[in-house]
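Coordinate inspection notes
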Amino acid sequence: MTIKLLLLEGDGIGPEITAAARTVLTAADAQFGLNLVFETADIGFTALAAHGTTIPDAVIAQAKAADGVILGPVSHNSYPPVEAGGLNPSGVLRKALDLYANIRPARTRGGFMGFGGKAIDLVVVRENTEGFYADRNMFMGNGEFMPTPDVALAVRKVTREASLRIAASAFELAMTRTKRVTVVHKANVLRVSDGLFLSCVREVAARYPEVTVEERLVDAMAALLVRDASAFDVILATNMFGDILSDQAAELSGSLGLAASLNAGTAHGVAQAQHGSAPDIAGQDKANPASLIGSAAMLLQWLSERRGSPSLLRAARSIENALDAVIATPSGRTADMGGVLGTRAFAQRVSEALGQTL
């Protein structure tokens, strides 16, 4: 049985790091017999020029039909207004495919130590479909609006359903790790919305007596990560708080360029780098593709769990180990990590390391 992966290059460095991820996946396919089939489609500025929208309906349909999606970074801050076709492809896919869980590991790789000199290995489990994110928290319309020219309002949406299922995702993950969950909130101010979120998390936590649970205010959590991020394992948060803290944790662990991410729902999975499109270095073979390569490995693992496939799991672990092995050597790093490799050379080095890291 074939596995159909849809590659969406995006903007800026997106085409380069997506090609790098494909290089590694192709090598893994050859080694582990995964039967991968790649499809491509345009999003971002390319799609806007050709179709008048940054993510055509046909691409959404392709994503739904695929077994998995590799999503390159997009320059959505530079898009025209939504009414002129400037949709955020990431937000659209998260809503259309019901990708309610954003799983964002922050892990020190290959001895490349980040801030503080301690090895970090944590995962931020971020609710992905509501909160303050105005492009995805409404059935119709947008969650931000201006009733007058001088007043701007934003709606925060927190539902029982979304809170229960993201909490379940976090606790299930914790059961495979060190059985510790830190719940992040701001219920001292957002008493109603975060109050609902917390009550749902506590309801789920009662089903996992083996898991140790602590609750932290988001501002305190940001400070605690700086103090000692190695003290945390699974961090559960609503959309905006999880977005901010996961970027912080990734940088503390070594580099945002290493930060992998998986958007997952019941039926669909989308691999996506945590970082942006970096248009200032686009087309120069300077981008670090480790984040998207690691995200692709996460997608393979997600697929292995759904299909019960040992070969997919072996491939995912081999890619992870290859990334560690390559980054462990200063000569195997890209410029953002103090190395000399370009995007293509790094991908080739990781591909060559696959067979040596089982």
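Our structure's up above, just so we're on the same page.
Below you will find a few notes about this structure. (Residues numbered from 1 in each chain as written. Predicted model: local features only at pLDDT ≥ 70, side-chain atom pairs only at ≥ 80, totals over all residues. Heavy atoms only, no water.)

Details of the overall build of the chain
- Each helix and strand counted, the chain has eleven helices and twelve strands in total.
- Taken over C-alpha atoms, the radius of gyration comes to 20 Å for the chain, in line with the 21 Å a tight globule of 358 residues would show.
- By principal-axis analysis of the C-alpha atoms, the chain measures approximately 50 × 50 × 40 Å.
- By the burial criterion, 55% of the 358 residues in the chain qualify as buried.
- The contacts of the chain with a sequence gap of at least 6 include a subset with a gap of at least 24, amounting to 73%.
- With the model as given, the accessible surface of the chain reaches about 15,000 Å², and the carbon-plus-sulfur share is 55%.
- Between the averaged position of the 32 positive side-chain charges in the chain and that of its 36 negative side-chain charges there is a distance of 5 Å. (Helix = DSSP H or I, 4+ residues; strand = E, 2+ residues; numbered from the N terminus. Rg over C-alpha atoms; globule rule 2.2 N^0.38 Å. Buried < 20%, exposed > 50% of the residue type's maximum accessible area, 1.4 Å probe, protein only. Contact = heavy atoms within 4.5 Å. Areas by Shrake-Rupley, 256 points an atom, 1.4 Å probe, with all protein chains shown as cover. Lys, Arg positive; Asp, Glu negative; His and termini not counted. Charge placed at Lys NZ, Arg CZ, Asp CG, Glu CD.)

Quick notes on the packing of aromatic side chains
- Within the structure shown, the criterion is met by two aromatic pairs.
- Between Phe45 and Tyr79 the ring centres are 5.0 Å apart and the planes differ by 90°, which places this aromatic pair in the edge-to-face class. Of this pair, Phe45 sits in helix α2 (residues 44-51) while Tyr79 sits in the loop between β3 (68-71) and α4 (89-96); the two residues are 34 residues apart in sequence, bridging distant segments of the chain.
- With relative accessibility at 8%, the residue Tyr79 sits in the buried group. (Phe/Tyr/Trp six-rings, centres within 6.5 Å; stacked < 30°, edge-to-face > 60°.)

So, the packing of helix α5 (residues 160-175) against helix α6 (residues 193-205)
- It is at 8 Å that the axes of α5 and α6 come closest, and there the two elements cross at 45°. If you check the angle between α5 and α6, you find them oblique. Between α5 and α6 the crossing geometry is right-handed. Of α6, the residues touching α5 (which contributes Arg160, Ser163, Leu164, Ile166, Ala167, Ala168 and Phe171) are Leu196, Phe197, Cys200, Val201, Glu203, Val204 and Ala205.
- Residue composition of the contact of α5 with α6, grouped by class: eleven nonpolar, one polar and two charged. (Axes fitted to C-alpha atoms, helices over the stretch in contact; angles between N-to-C directions. Parallel < 35°, antiparallel > 145°, perpendicular 65-115°, else oblique. Left-handed = near helix turned anticlockwise from the far one by under 90°. Nonpolar A, V, L, I, M, F, W, Y, C, P; charged D, E, K, R; others polar.)

Concerning the sheet that holds strand β8 (residues 180-185)
- Taken together, ten strands build an open sheet; the order of strands is β2-β1-β3-β12-β11-β4-β5-β10-β8-β9 and the sheet is mixed. The strands lining the two open edges of the sheet, one partner per strand, are β2 (36-41) and β9 (212-217). Strand after strand, the sheet turns through a mean of 25° between neighbouring axes, direction not considered.
- As paired elements, β3 and strand β12 (residues 269-272) share three bridges and run parallel to each other. What sits directly across from Val69, in β12, is Val270.
- Most of the contacts of helix α9 (residues 290-307) go to β12, to which it runs at about 160°, and overall it touches β1 (3-8), β3, β4 (101-107), β11 (262-264) and β12. (Pairing = 2+ DSSP bridges.)

Quick word on unusual backbone geometry
- Phi is positive for Asp98, close to 50°, though the residue is something other than glycine.
- Summarising the element assignment, Asp98 is placed in the loop between α4 and β4.
- If you check the backbone angles, Lys179 has positive phi at about 60° while not being a glycine.
- On the secondary structure map, Lys179 appears in the loop between α5 and β8.

Some remarks on the packing of helix α1 (residues 14-32) against α9
- At a minimum axis distance of 9 Å, the contact between α1 and α9 shows a crossing angle of 50°. Our classification of the angle between α1 and α9 gives oblique. Where α1 crosses over α9, the handedness of that crossing is right-handed. Of α9, the residues touching α1 (which contributes Ile17, Thr18, Ala20, Ala21, Val24 and Leu25) are Leu292, Ile293, Ala296 and Leu300.
- Among the residues making up the contact of α1 with α9, the classes are represented as nine nonpolar, one polar and no charged.

Topic: the pairing of strand β10 (residues 234-237)
- Side chains of β10 alternate between two faces, with Val234 and Leu236 and Ile235 and Ala237 buried alike.
- Note that strand β5 (residues 121-127) and β10 share four bridges and pair parallel. Across the sheet, Val125 pairs through a bridge with Leu236, a residue of β10.
- Note: β8 against β10, three bridges, orientation parallel. Pairing of Val183 across the sheet is with Leu236, part of β10.

Regarding the environment of Arg307
- Relative to the elements of secondary structure, Arg307 occurs in helix α9.
- Under the relative-accessibility criterion, Arg307 is labelled partly exposed at 32%.
- Discounting chain neighbours no more than four positions away, the residues touching Arg307 are Met1, Thr2, Ile3, Asp67 and Leu312.

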